[in-house]
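Here are the chains, one letter per residue:
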Amino acid sequence: MKDKTIDFVLRATWQAVAKMYNEEAAKEQSTMAIGFTLLSIDPESGSSSTTLGPKMGMEGTSLSRILKSMEEKGLIVRRPNPNDGRGVLICLTEFGKQKRDFSKEVVLRFNDIVRNHVTQEDLKGFYKVTSVIHELISEKKIYSN
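Residues numbered from 1 in each chain as written. Predicted model: local features only at pLDDT ≥ 70, side-chain atom pairs only at ≥ 80, totals over all residues. Heavy atoms only, no water.

A. Spotlight on the layout of surface pockets. As a volume, the largest pocket reaches approximately 1,200 Å³. In this structure, the largest pocket is lined by 38 residues; those nearest its centre are Trp14, Val17, Tyr21, Phe110 and Phe126. Where the lining of the largest pocket is concerned, the elements lending two or more residues are helix H1 (6–26), helix H2 (32–40), helix H5 (94–117) and helix H6 (120–138). When grouped by side-chain class, the residues that make up the lining of the largest pocket number 26 nonpolar, 7 polar and 5 charged. (1 Å grid on protein atoms, 1.4 Å probe; cavity = no way out; pocket = protein on both sides within 12 Å on 5 of 7 lines; lining within 4 Å. Points joined across faces, edges and corners; volume = space filled by probe spheres on them. Helix = DSSP H or I, 4+ residues; strand = E, 2+ residues; numbered from the N terminus. Nonpolar A, V, L, I, M, F, W, Y, C, P; charged D, E, K, R; others polar.)

B. Up close: unusual backbone geometry. The residue Gln29 is not glycine, and still its phi comes out positive at about 55 degrees. Relative to the helices and strands, Gln29 resides in the loop between H1 and H2. At Lys140, a position not held by glycine, the phi torsion is positive, near 50 degrees. For Lys140, the position within the fold is in the segment after H6.

C. Local environment of the environment of Met32. Looking at the element boundaries, Met32 is found in helix H2. Sequence spacing of Met32 and Ile90 is 58 residues, and the spatial spacing of their C-alpha atoms is 18 Å.

D. Just the nonpolar core, in detail. Counting 13 residues, the largest nonpolar core has Ile41, Leu52, Leu67, Met70 and Ile76 as the members making the most contacts within it. Put simply, the parts of the chain that give this core at least two residues each are H2, helix H3 (49–56), helix H4 (60–72) and strand E3 (84–92). With 4 residues, H4 is the largest single contributor of residues to this core. Every residue in contact with Leu52, bar those within four places of it in the chain, is listed here: Thr37, Ser40, Ile41, Ser47, Leu63, Leu67 and Ile90. (Core = buried A, V, L, I, M, F, W, Y, C linked by side-chain atoms within 4.5 Å. Buried < 20%, exposed > 50% of the residue type's maximum accessible area, 1.4 Å probe, protein only. Contact = heavy atoms within 4.5 Å.)

E. How the structure looks around the pairing of E3. Where strand E1 (residues 47–48) and E3 come together, 2 bridges link them in antiparallel fashion. By the bridge assignment, Ser48 is partnered in E3 with Leu89. Inspection of the sheet shows strand E2 (residues 76–81) paired to E3 by 6 bridges, in the antiparallel sense. When the bridges of E3 are listed, Pro80 appears paired with Val88. The hairpin turn running from E2 into E3, its antiparallel successor, is 2 residues long. (Pairing = 2+ DSSP bridges.)

F. Region of interest: the side chain of Ser48. Relative to the elements of secondary structure, Ser48 occurs in strand E1. The class for Ser48 is buried, based on a relative accessible area of 19%. In terms of polar contacts, Ser48 uses its side chain to reach the side chain of Thr50, at 2.9 Å. When near neighbours in sequence (up to four residues on either side) are disregarded, Ser48 contacts Asn81, Val88 and Leu89. (Polar contact = N/O pair within 3.5 Å; in protein donor to acceptor, adjacent residues only side chain to side chain.)

G. Summary view of the confidence of the model for the protein chain. Model confidence for the protein chain is summarised by a mean pLDDT of 94, while 98% of its residues fall at 70 or above. Highest mean pLDDT in the protein chain belongs to H5 (97); lowest belongs to H3 (88). (pLDDT = per-residue confidence, 0-100.)

H. A look at the packing of aromatic side chains. In this structure the tally under the stated criterion is 2 aromatic pairs. Ring geometry for Tyr21 versus Phe110: centroids 5.8 Å apart, planes at 65 degrees, classification edge-to-face. With Tyr21 in helix H1 and Phe110 in helix H5, this pair connects stretches of sequence that are 89 residues apart. Here Tyr21 falls in the buried class, since its relative accessible area comes to 14%. Looking at Phe110, the relative accessible area reads 28%, which means it is partly exposed. Geometrically, the ring pair formed by Phe126 and Tyr127 is tilted, given 5.7 Å between the ring centres and 55 degrees between the ring planes. (Phe/Tyr/Trp six-rings, centres within 6.5 Å; stacked < 30°, edge-to-face > 60°.)

This is the structure:
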């Protein structure tokens, strides 16, 4: 690994995680994207459609496709936002809440198993490095326009 670039290691690791999550989601006729969306929606009061995309770091068109698919599968319903007459709340159905629980279990299991295989110190180091990378990118300290 010493000759691999940081971005290569990040990308390869994320691709492996995404593949693993998609394989688990497929067992429930779902996808990682749907699971991530289920986990991002407030299970009690729903989430505003306009805040969901930014919260998930997704573009509107990608999110729209996922939400349409979720609606067709009976995972969500769209309701008028009582606090904003023009807005819409994305709410989980009972079926959506069941699938959300499954997604949550998958994520928690991944976290537990990784935590059981690395030291707390190594995990803190991982979080520190990823935090620095995120900060450098957010503050445009690597490439500026």
